[in-house]
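# Topology and contacts: notes
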Amino acid sequence: MPATNASVWKTPAPRKMEFGPRDAAKVFTHWRLSMGPDDIAWLLLDRSSESTNTLSESVLAELDMALGDIEGMGAKGLVIRSTKKGGFIAGADIHDFKGVTEAREVEKRMRRAHEIVDRLAALRIPTVALIHGYCLGGGLELALACKYRMALGDAKLGFPEIMLGLHPGLGGTFRLTALIDPVEAMTMMLMGKTVHGKKAKALGLVDAVIEERHVENAVRAAVAGKMKKDGGNWKSSVFGLRPARQLAARQMRGEAEKRAPKRYYPAPYRLIDLWEEHGGDSKAMQEAEIASFSELLVSETAQNLIRVFFLREKLKGSAKGESGIRHVHVIGAGTMGGDIAAWCAARGLRVTLADLDRNAIARAIGRAAAFYDQKLHSSIERRDALDRLIPDFEGAGAAKADLVIEAVVEKLDVKRKVFDGIEPKMRKDAILATNTSSIPLEALREGLTFPDRLVGLHFFNPVAKMELVEVVAHDQASKATLDRAHAFCGAIDRLPAAVKSAPGFLVNRALTPYLTEAFVMLDEGTPKETIDRAAEEFGMPMGPIELADRIGLDIGLEVVRMLKDRLDDPIADIPAWLEKKVDRGETGRKAGKGLYGYDGKRKPKKGSGAPGPGPEMAERLLLPMLNTCVRCLREGIVEDEDTLDGAMIFATGFAPFRGGPMHYARRRGASDILETLRRLEQQHGPRFAPDKGWDAMSGET
Ligand code: NAI
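Criteria and thresholds
Residues numbered from 1 in each chain as written. Predicted model: local features only at pLDDT ≥ 70, side-chain atom pairs only at ≥ 80, totals over all residues. Heavy atoms only, no water. Helix = DSSP H or I, 4+ residues; strand = E, 2+ residues; numbered from the N terminus. Rg over C-alpha atoms; globule rule 2.2 N^0.38 Å. Buried < 20%, exposed > 50% of the residue type's maximum accessible area, 1.4 Å probe, protein only. Contact = heavy atoms within 4.5 Å. Areas by Shrake-Rupley, 256 points an atom, 1.4 Å probe, with all protein chains shown as cover. Domains from an automatic or database assignment. Buried area = accessible area lost by both parts, 1.4 Å probe. Salt bridge = Lys/Arg side-chain N within 4 Å of Asp/Glu carboxyl O. Polar contact = N/O pair within 3.5 Å; in protein donor to acceptor, adjacent residues only side chain to side chain. Nonpolar A, V, L, I, M, F, W, Y, C, P; charged D, E, K, R; others polar. Pairing = 2+ DSSP bridges. Axes fitted to C-alpha atoms, helices over the stretch in contact; angles between N-to-C directions.

The next point concerns the overall build of the protein chain. Secondary structure assignment for the protein chain yields 28 helices and 19 strands. A compact globule built from 701 residues would reach a C-alpha radius of gyration of about 27 Å, and the protein chain, at 28 Å, matches this within 12%. Across its three principal axes, the protein chain shows a C-alpha extent of roughly 80 × 55 × 55 Å. Per-residue burial for the protein chain yields a buried fraction of 56% across its 701 residues. Sequence separation of at least 24 residues holds for 71% of the intrachain contacts in the protein chain that already meet a minimum separation of 6. Here the protein chain displays about 29600 Å² of accessible surface, and carbon together with sulfur accounts for 52% of that area.

Okay, the domain arrangement of the protein chain next. Per the domain assignment, the segments making up the protein chain are domain 1 (26-298), domain 2 (322-493) and domain 3 (508-698). Taking the mean C-alpha position of each, domain 2 and domain 3 sit 28 Å from one another. Counting residues at the interface gives 14 residues for domain 2 and 14 residues for domain 3. Between domain 2 and domain 3 lies a buried interface of about 1100 Å² when both sides are counted; carbon and sulfur atoms form 59% of it. Considering only the side of domain 2, the residues that lose the most area to domain 3 are Ser438, Met466 and Leu468, jointly responsible for 33% of the buried surface there. Remark: the boundary between domain 2 and domain 3 carries one salt bridge. Measuring nitrogen to oxygen at the nearest pair gives 3.4 Å for the salt bridge that ties glutamate 558 to lysine 411. Run the count over domain 2 and domain 3 and you get four residue pairs in polar contact (both at pLDDT 80 or more). Residues belonging to the side of domain 2 that touches domain 3 are distributed by class as follows: six nonpolar, five polar and three charged.

To continue, consider the pattern of salt bridges. Taken as a whole and assessed by the stated rule, the structure comprises 66 salt bridges. Residues aspartate 93 and arginine 47 are paired through a salt bridge, measuring 2.9 Å at the closest nitrogen-oxygen approach. Of this pair, aspartate 93 sits in the loop between β5 (87-89) and α2 (103-121) while arginine 47 sits in the loop between β3 (40-45) and α1 (57-73), and the two are 46 residues apart along the sequence. Overall, the relative accessible area of 8% leaves arginine 47 in the buried class. Through salt bridges with shared partners, a single network forms among Arg509, Asp569, Arg631, Arg634, Glu635 and Asp691.

Strand pairing in a sheet takes place through backbone hydrogen bonds and is either antiparallel or parallel in direction. A sheet is described by the order of its strands in space; here seven strands give the open sequence β1-β2-β3-β4-β6-β8-β11, paired in mixed fashion. Only two strands of the sheet have a single neighbouring strand rather than two, namely β1 (26-27) and β11 (208-210). The pairing of strand β2 (residues 31-35) with β3 spans five bridges and is antiparallel. Within β3, the residue paired with leucine 33 across the bridge is leucine 43. Sitting on the sheet, α1 touches β1, β2, β3 and β4 (77-82), and the angle it makes with β2 is about 10°.

Below is the structure:
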C-alpha cells in the first residue's frame, strides 16, 4: 500500500503494547494502519505536530481513507487506539470552530464528518476503541461508533461541549442516549462532566475496564464475540415513549434554568428539545443534531465561549517551563493561605504551613481533608495529599522551601515584619511571594536583601475554583523570578496573568467600583437582592453584594481604603455603616453574617419579595468596572485586551458568554459605552467620568 507519509512508525506507544500491531501497513499523516496477530487490524492515531490528539477535518478525512483500506484487508476485527501519552482523543480541534459565521457551511462539513463516523459504525467486523487518558467530545463520539469500548486504568470520558455553548455534534446525542440510561446520558451531556473508567463501566458506557497486560485477551475475546456486553438498557425503551421523555425533559429544563439562563446559554435547552422531540429515533435525532449544532456553533454565545477557550490556552502558554519548585512554605493559614497550601499539596508539591495561631493551622488541615474527600478519587491519593501537607507551627519549612508564600493579614507593617524574619532563613535560590490583594510590591520590597526574588502571586477566593493567579511584577523583580512564578502557576494547574504592581493590580481595582456602586445603591434604598439580580441578569455568577460578603467585608474595606488613598480613580465614598459592620465582626460569609445572613450550609439567606432590577442598574454596576479596565490598559497594568479579558473571566467569573469585558465593550461599541458613561456622570456624579482610553477605542480624538 502506498504511504502518504514517508516516516514510518517513529513515535513510541504511550506504554508498552504487549499485544498489538506489527509493522505499519500504511502510514498516513496522522494515522497508522497495520495488521496484528489473529488478523486484527490496528489503527493508531498520532496526530502529527501536536502533543494531544484532537479530531480535525484532516484527521477525519484520513480516517475515511483508512476505513476504505480496512474494508479491503480481510481483517477479522479492528482496534482503534492513540499513541499519545495524554490520552485517546481530547475532542474536536477547536481551531476548526473559531470564527465560523455560516450555519449552512458548518452543516455541510458536519454531514461529511457524520458520513465518516457512520462508515466506522457500519463496519461488519467487531471494532474496539481502546481508551486511555482523555476521551472527550468528538473522541468519545468516535469511540461510541465502535462496537466495544475498553477503558484502561486512567481513562476519562465525557462530553464537555456544553462549556463551549454547544452540544455533541458528531453523533453523541443519539448514540449515547441509545447506549446507556438516557437520563444519565442527558445529564452527562448537560453537565459536561467527565467520568472515570469504573463509573463509565457502571453506566454501560464502556464494556470493560482493563489493565494494559490484559489487552490481548480482552481484544481477542471481543473480536471472537466472547466479550460480555450488557444486554441493552431497559430505560431506553421506557424513554422511547414520548410522554416519559416529556416528563423528564421538563425536569431537565428546570435544572438547566438554575444553572444557566436560556437567553444566554441556549445549548442545554436545544439538547433537551432534541431528545424530547426525537429520542429513540436515531436517524431523526442525527438530522436534528446536525442542524442544531450548526446553528449553535455560529451563535455569539458559542463563539465567545470558544474565545474563552483560547484565552485560557494563551494564559496557559505563558506558564510553560520548569519552575524547579517542589517544596512550598506558606505563612498564614487563614482563608487564603490554608487553601493555597491545600491546593499545592493536591497538585503534588510538598507543603509546610505556618501560622502564629495553631488553631488556624488545624482548621486549615481540616478544610483540606474535607476538600480532598470531595475532589480526590482514591483513598491513596487522599492519603498522599494529606501526607504532603505538613503543619509547621515552628516555621522550620522556610529554610528548605523553593518558594515561600506569605498570606498573612493585609497590613503592610505585619507583612514587612514577616519578611524581615523569613528572608534570612530562606535558601539563596528560593522565591519569596506575597498574596497581597492590593499593597504595591514596591512598598513590600523595601528592606529586603534580595528584592529581585520577590514576586506577587495573587490567588483568588476560592482558590480551588478561581483559576487565575495575578503574577505581580515590580521594579526590581528579576526575569528569572517572574518566569519561575509563571511556570509554578502552570505546575499547579492555575492560569497566570502578568500584571504590574499598582494598587489593586488589575482584578481588585476593576472590581472595586462595581462593589462600591452596589453600596451606593443600598444607601439609595434598593434591596440587596435586587442589586444582585441586576448583575446576575447581565451574566455575572453572583451579584456584588454576595461577592462582597464572599471576599470578606474586612478585606474589601482594606482594599477600597487603600485604592482611595493611592489612586485618582473616582471611587464612591465608603459608607459609615460598612465600617461599623466590620468593627462588629460581621465580615461576611466567613463570619456567618455580613450584608446577608447565612444558613448552615453557608448560603446567603435571600428574601424572595424584592422587586426586579430597573433598566439602568446593570449599567451602573458594570460600566464603572469596564471604565477601570480601560484605565488599567491605558496605564499598562496589563499588557493587552486578551490578558485582561482572561484575567477578569478566570478570577471573577465575568460573564464568560460575553467573551470578557473588553470583548463585550468592543462588540457593544466603545462610543455607546462612552455616551452612557457621560449620561450616568450627569445623573450620578463624577465617579462615572469616562476614562481617556475610551476616546481612542471609539475612534474619537
Ligand atoms: P485571614 O485573616 O483569613 O488569615 C490570615 C492568617 O494569617 C490568620 O490565620 C493569622 O493568624 C495569620 N497571621 C497573622 N499574622 C501572622 C504572622 N505574623 N505570622 C504568621 N501568621 C500570621 O486572611 P486571608 O483572607 O486569608 O488573607 C490573607 C492575605 O491574602 C491578605 O493579604 C489578603 O489581602 C490576601 N487575599 C485575600 C483574599 C480573600 O478573598 N480573602 C483573596 C486574595 C488575596
